[in-house]
Amino acid sequence: MCGIIGGVGKLDYRDYLLTGLKKLDYRGYDSAGLAYRKDGKVILKKVAGRVDDLSRAVAPFSGGEVGIAHTRWATHGVPNQANAHPHFSMRRDFYIVHNGVIENYRSLKNLLKDHGYIFHTDTDTEVIADLLEDNYRQKKDVLASISETMGVLRGSFACAIICKDDSNLYFMKKASPLLIGLGKGANYLASDALPMVDYTDKFIDLEDGEYGVLTPAEAKIYIAGKAIAPVVTSRDTARYDYDLDGYPTFMLKEIEESPDVIHCLGDNYFDGEKYLFDQKLIRALRDADEVVFLACGTSYYASLLGVEFMKRLGKRSEAYIGSEWAYYPTLPSKKTVFVLVSQSGETADLILCQKFLLDKGLPTLAITNTKGSTIERKATYSLLLYAGLEVAVAATKSYMAQVVLLALLANAVGGRTSAVAGLDSLIRSLRDIVLRKEGIHAIAKRIFVSRDAFYVGRGHDFAAALECSLKLKEISYIHAEAYPGGELKHGPIALIEKDTPVIGFVSDPLTALALRNNLTELSSRGATVLIVSSEALREEGDSFSYPDVPSLLAVLPEVMFGQYLSYYAALEKKLPIDKPRNLAKSVTVE
Ligand code: F6R
């Protein structure tokens, strides 16, 4: 994954690079480094730690002509200091930071070894620096060397590059996100807009195959040797709110923003009388004989609700995990609409799916939280989640927004307005949970020492169970499984031991009784059963209840319960809640 950042011109480099890198560390945080050129010399610093460790290691300095920095999510080579970026070429002609994966780096390494190159790292990136140098030594032209280098690289790369011989900032891009920020007396680039919004609101989204050079005064962009006229767009920089606002963690802040996010979403897509969706999209969905959702992780679990909403309209609908579908696509009919659901809009597995669909000329709807992201830009139709920046690695408010947006969309397709009335009760229910979160904290104190836990539900309650078990794994490092209530007795019940926590969701009158029976079977075998129910179905002894909401929307209070439970379990275990181990927020590698 990794986050890259660069700048050229009049800048406080230490502040820009380190503050910017901190904002990018949702993309990976196992090592970090920076390089800047000052008075003709390139100074390099790297650490096998987080951006805060790098900040401590970089002594204050002023001046500078050009700088680059990187926060890493290791793909090739362990996260040690040598493998941290920036990497440099053998003779130190080039320094580069890279996000992506070079698939053919082994054969390129062998080729470079034949040219006398010696390698110091286990990374795929080092070959890029050496190839640049090898080409530059022959061509004496940086841009021509970049173009030549791009020609032999297979895989994905967004790179910021410094050459020791000048004070320009060079770049190249394929299949990993990179955008330029245009300033006054300085220009910028980064993996996303966040580190640049304090400096500019004018951006250029780079496309695959583009490369070029930034000077303090201009941006020159090329594709296959030809200069192109860049498209400059403005972004609403207020959207990139990066403050904790008094909260101890972003995850807690973001969980508690959900009611407002849902409110805002309602306002954006319904004007009090009618839905505000693009009518062409609504017609396409009405005409579709099937609606297929493609997504990964939490977004996939939100898509399971999309399937239910569509089925209730009488449509055929399926959801597939992006990384699977990309390799085993089902052959769609001409009247299938594909919905790509992605908070970041940059998930590599989903971009692969989108590429397949684009090649076939099939229509896609992107549901993302990130305007200008790859998936959003390339889709036929786009709907934004308006959830605001989500900084914590765990998706929380974006899941809520995805489910609500899918509900609103299905209602618009079905020509109804009932979800809007339902939204008020949903927002009230979630606000009520926020006020009673200490009750969930008390439950977390009972279960946080457990090695394993189970979430159980039926129907849409099972979809909520899936998302909650993911949250428990990723934030609290508790091994968690989700099962439909009736399925446990077909095998998994063997895992139930004395005090194994089992959380049961009860919100559907159709299955409430059957599920309670399933849970009784588990408590008879020693499990600690904790029932979370809607008020209408509450029974004595239930551990937590929430005010009723219409039908399928019950997943949202249930998932909010699960978000808090994993948050508090992680808090009790003193874990790094916003940045759990091994993860990154935007998964831009396959
Ligand atoms: C879990 C989580 C991930 C993401 C997944 C897809 O909390 O955040 O499972 O949902 O990596 O990411 P997006 O939605 O950006 O495509």
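Throughout, residues of each chain are indexed from 1 in the direction in which the sequence is written. Only residues with pLDDT of at least 70 are given local features in this predicted model, and only at 80 or more are side-chain atom pairs given and counted; all residues enter the totals for whole chains, interfaces and linings. With hydrogens and water excluded, all non-hydrogen atoms of the structure serve as input to the side-chain values.

*Asks:* I would appreciate a short explanation of the overall build of the protein chain in the present structure.
*Replies:* Per the secondary structure count, the protein chain includes 18 helices and 25 strands. C-alpha atoms define the radius of gyration, and 2.2 Å times the number of residues to the power 0.38 defines the globule rule. Taken against the 2.2 N^0.38 rule, which gives 25 Å for 590 residues, the C-alpha radius of gyration of the protein chain at 25 Å falls within 12% of a compact globule. Dimensions of the protein chain along its principal axes, counting C-alpha atoms only, are 75 × 50 × 45 Å. Buried positions account for 60% of the 590 residues belonging to the protein chain. Going along the chain from the N terminus, every DSSP run of H or I of four or more residues is numbered as a helix, and every run of E of two or more is numbered as a strand. Buried residues are those whose accessible area, probed at 1.4 Å on protein chains only, stays under 20% of the maximum for their type, while exposed residues exceed 50% and partly exposed ones sit between those limits.

*Asks:* Mind showing me how you'd approach helix 13 (residues 397-414) here?
*Replies:* Every α-helical turn comprises 3.6 residues, leaving residues that sit three or four positions apart pointing alike. What a helix is expected to span follows from its residue count: subtract one and scale by 1.5 Å. Compared with an ideal rise of 1.5 Å per residue, which puts 18 residues at 26 Å, helix 13 spans 26 Å between its outermost C-alpha atoms and is within 8% of the ideal. Phi turns positive, to about 70 degrees, at G415, one or two residues after helix 13.

*Asks:* How should I be thinking about the domain arrangement of the protein chain in this particular structure?
*Replies:* Many descriptions give the size of an interface as the accessible area lost when the pieces come together. Marked domain ranges trace back to an automatic or database domain assignment. By the assigned domains, the protein chain splits into domain 1 (3-239), domain 2 (247-426) and domain 3 (436-590). Distance between the C-alpha centres of domain 2 and domain 3: 24 Å. Listed as interface residues are 40 residues of domain 2 and, on the opposing side, 36 residues of domain 3. The quantity reported as buried area is the accessible area (1.4 Å probe) lost by two parts once they are put together, taken as the sum for both. For the pairing of domain 2 and domain 3, the buried interface totals around 3200 Å² over both sides, and the portion due to carbon and sulfur atoms is 68%. Polar contact criterion, stated in full: a pair of N or O atoms within 3.5 Å, where within protein one must be able to donate a hydrogen and the other to accept it, and residues adjacent in sequence count only if both atoms are side-chain atoms. Viewed at the interface, domain 3 and domain 2 are joined by 11 residue pairs in polar contact (both at pLDDT 80 or more). Looking at the side of domain 2 that touches domain 3, the elements that each hand over two or more residues are helix 6 (250-256), helix 7 (258-269), helix 9 (297-312), helix 11 (348-359), helix 13 and helix 14 (418-435). For the side of domain 2 that touches domain 3, the element with the highest residue contribution is helix 9, accounting for 8 residues. Considering only residue class, the side of domain 2 that touches domain 3 consists of 24 nonpolar, 10 polar and 6 charged. The criterion used for residue contact is that any of the two residues' heavy atoms lie within 4.5 Å. Residues are grouped as follows: Ala, Val, Leu, Ile, Met, Phe, Trp, Tyr, Cys and Pro are nonpolar; Asp, Glu, Lys and Arg are charged; every other residue, Gly included, is polar.

*Asks:* Please clarify how the packing of helix 16 (residues 460-476) against helix 18 (residues 555-572) should be interpreted in this entry.
*Replies:* Helices that pack against each other are described as a pair by the angle of their axes relative to one another and the distance between those axes. Close contact between helix 16 and helix 18 brings their axes to 9 Å; oriented N to C, the two are set at 15 degrees. The angle between the axes of helix 16 and helix 18 places the two elements in the roughly parallel class. In terms of crossing hand, the pair formed by helix 16 and helix 18 is right-handed. Contacts from H460, D461, A464, E467, C468, K471, L472, I475 and S476 of helix 16 reach helix 18 at V555, E558, V559, G562, S566, A569 and A570. For the contact of helix 16 with helix 18, the per-class residue count stands at 8 nonpolar, 4 polar and 4 charged. Only the stretch in contact is used when fitting a helix axis, every axis being a line fitted to C-alpha atoms; angles between N-to-C directions are given from 0 to 180 degrees. Angles below 35 degrees are treated as roughly parallel, those above 145 as roughly antiparallel, those between 65 and 115 as roughly perpendicular, and all remaining angles as oblique. Less than a right angle of anticlockwise turn of the near helix away from the far helix marks a crossing as left-handed, whereas a clockwise turn marks it as right-handed.

*Asks:* Please clarify how the site of the ligand should be interpreted in this entry.
*Replies:* Residues in close proximity to the ligand total 15 residues, the closest being S299, S342, S344, T347 and E474. The contact in question runs from an oxygen atom of the ligand to an N or O atom on the backbone of T298, over 3.1 Å. At 2.6 Å from an oxygen atom of the ligand is found a side-chain nitrogen or oxygen belonging to S344. For the area figures, the Shrake-Rupley method with a 1.4 Å probe applies, and any residue is considered shielded solely by the protein chains shown. Protein contacts shield 89% of the accessible area of the ligand, which totals 400 Å² for the unbound molecule. Looking at the shell around the ligand, the elements with two or more residues in it are helix 9 and helix 16. Residue composition of the shell around the ligand, by class: 6 nonpolar, 7 polar and 2 charged. Split by domain, the shell around the ligand shows at least three residues from each of two domains, domain 2 (247-426) and domain 3 (436-590). Near, as used in this document, describes a residue that has one of its heavy atoms within 4 Å of the molecule or strand being considered.

*Asks:* Is there a simple way to think about empty space enclosed by the protein in this case?
*Replies:* Think of a ball as big as a water molecule: rolled over the atoms, this probe shows where empty space is left. Using a 1 Å grid laid over the protein atoms alone, points where a 1.4 Å probe fits but cannot get out form a cavity; open sets with protein on both sides within 12 Å along at least 5 of 7 lines form a pocket; any residue with an atom within 4 Å of a point counts as lining. Grid points are joined across faces, edges and corners, and a volume is the space filled by probe spheres set on the points. Counted under the stated rule, the structure contains 2 cavities of 30 Å³ or more. Roughly 390 Å³ of volume is contained in the largest cavity. If you go around the largest cavity, you meet 30 residues; those closest to its centre are Y26, D192, Y240, S344 and T370. Its residues assigned to classes, the lining of the largest cavity comprises 9 nonpolar, 10 polar and 11 charged. When we break the lining of the largest cavity down by domain, the ones giving at least three residues each are domain 1 (3-239) and domain 2 (247-426). Within this model, the second largest cavity holds a volume of roughly 70 Å³. Looking at side-chain class alone, the lining of the second largest cavity contains 2 nonpolar, 8 polar and 2 charged residues.

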